[in-house]
Amino acid sequence: MPDKIRVDVEGRHLDLTNLDKVLYPQVGFTKGEVIDYYTRISPVLLPHLDGRPLTRVRYPNGVDGNSFFEKNAPAGTPDWVRTVRLPVPGSSRGRETIDFIVVEELATLVWLANLAALELHTPQWRVSADGAVLDPDLLVIDLDPGAPAGLPECFEVALLVRDRLAVDGLESLPKTSGRKGMQLVAELSGDETADEISAYVKDVADELSRLRPDLIVSRMARQLRPGKVFIDWSQNNAFKTTVAPYSLRAGAMPTVSAPLTWDEVGEGVLTIADLTPSAVLSRVFDA
């Protein structure tokens, strides 16, 4: 395969490079396969990215090499890629603002995949057409198991969280993190602030930890987590991001942060290894 090929993506011209470069060495999954996955999953992925400033985790030398989080639009960003300049209090590099990328079309997604941006992370809020930050439209509850607890324990906790949120009229949807845990996501009206949402989720986490102290912890101290599931309410902080639905994750093998059904959560038999790119594509398009 040539080192570089030019492709047309919905009218955008892109140079794709090193498509046969292996990014997941244990299974031989290449950059070309990463681009193929993101292209094919884009009809269901793009709505989750639309309007959300994107943080990427890039692995230019594959998952066994060095990686880095990237928020700022890199040098050479095409002029047709949407960027939005936003304040970043507490930036580790002392920046007052960052030009974030907002993915609004397939060509941007393919361009990022070509940069080995394997993981895509978004905040719980969007920006308007003119770049103004809107109030959060999502509530996220991250379920983080402490070994030897794992995904089965997360499933059990997810059902408890779902029922508790339903008492307050919130309908939540489950997805795996693509690693060891999972998240629940509920749509909001956009009338609450990030601080208000975080406080609410913390109250829910504290309540459930009192109900099931054998299974649930709501405090961040790591020494409390072994064998239990931490309900991480802090993901609703305005400056935090969560891995997007259908994003790849970096690990020994390519896995996906995959939306689940509540029936699957109740059955509790799925594993992270079941949710590979090919399996997720089949779940979405062959169902």
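Please refer to the structure placed before this passage.
Please read all numbers here as calculations on a predicted model, not as lab measurements. (Residues numbered from 1 in each chain as written. Predicted model: local features only at pLDDT ≥ 70, side-chain atom pairs only at ≥ 80, totals over all residues. Heavy atoms only, no water.)

S.K.: Explain the pattern of salt bridges here, please?
M.R.: Where charged atoms from two side chains of opposite charge approach closely, those side chains can pair. Counting across every chain of the model gives 20 salt bridges. With a closest N to O distance of 3.2 Å, R249 and E119 form a salt bridge. Residue R249 is located in strand β16 (residues 248-249), and its partner E119 is located in strand β9 (residues 117-122); the two are separated by 130 residues in the primary sequence. E119 shares its class with R249; the two are buried. For D163, the salt bridge goes to R162, with nearest N and O atoms at 3.1 Å. Note on D163: relative accessible area 42%, which makes it partly exposed. You can call R162 partly exposed: its relative accessible area is 27%. One network of salt bridges, with partners in common, ties together R52, R126 and D137. (Salt bridge = Lys/Arg side-chain N within 4 Å of Asp/Glu carboxyl O. Helix = DSSP H or I, 4+ residues; strand = E, 2+ residues; numbered from the N terminus. Buried < 20%, exposed > 50% of the residue type's maximum accessible area, 1.4 Å probe, protein only.)

S.K.: Would you mind showing me how to read the pairing of strand β1 (residues 4-9) here?
M.R.: Two faces make up the sheet, and in a regular strand the side chains alternate between them. Pairing geometry for β1 and strand β2 (residues 12-17), over six bridges, is antiparallel. By the bridge assignment, V9 is partnered in β2 with R12. Counted along the chain from β1 to the antiparallel partner β2, the turn is two residues long, and its residue E10 has a positive phi close to 50°. (Pairing = 2+ DSSP bridges.)

S.K.: What is the right way to read the sheet that holds strand β12 (residues 182-187) from this model?
M.R.: Strand pairing within a sheet occurs via backbone hydrogen bonds; the two strands may be parallel or antiparallel. Spatially, β11-β12-β10-β14-β13 is the arrangement adopted by the five strands of the open sheet, whose pairing is mixed. The sheet is open, and its two borders are formed by β11 (172-176) and β13 (216-217), each paired with just one other strand. Relative to β12, β11 is paired through five bridges, and the arrangement is antiparallel. Its bridge partner lying in β12, P174 is registered against L184. Packed onto the sheet, helix α4 (residues 194-211) meets β10 (138-145), β13 and β14 (229-232) and runs at close to 40° relative to β10. (Contact = heavy atoms within 4.5 Å. Axes fitted to C-alpha atoms, helices over the stretch in contact; angles between N-to-C directions.)

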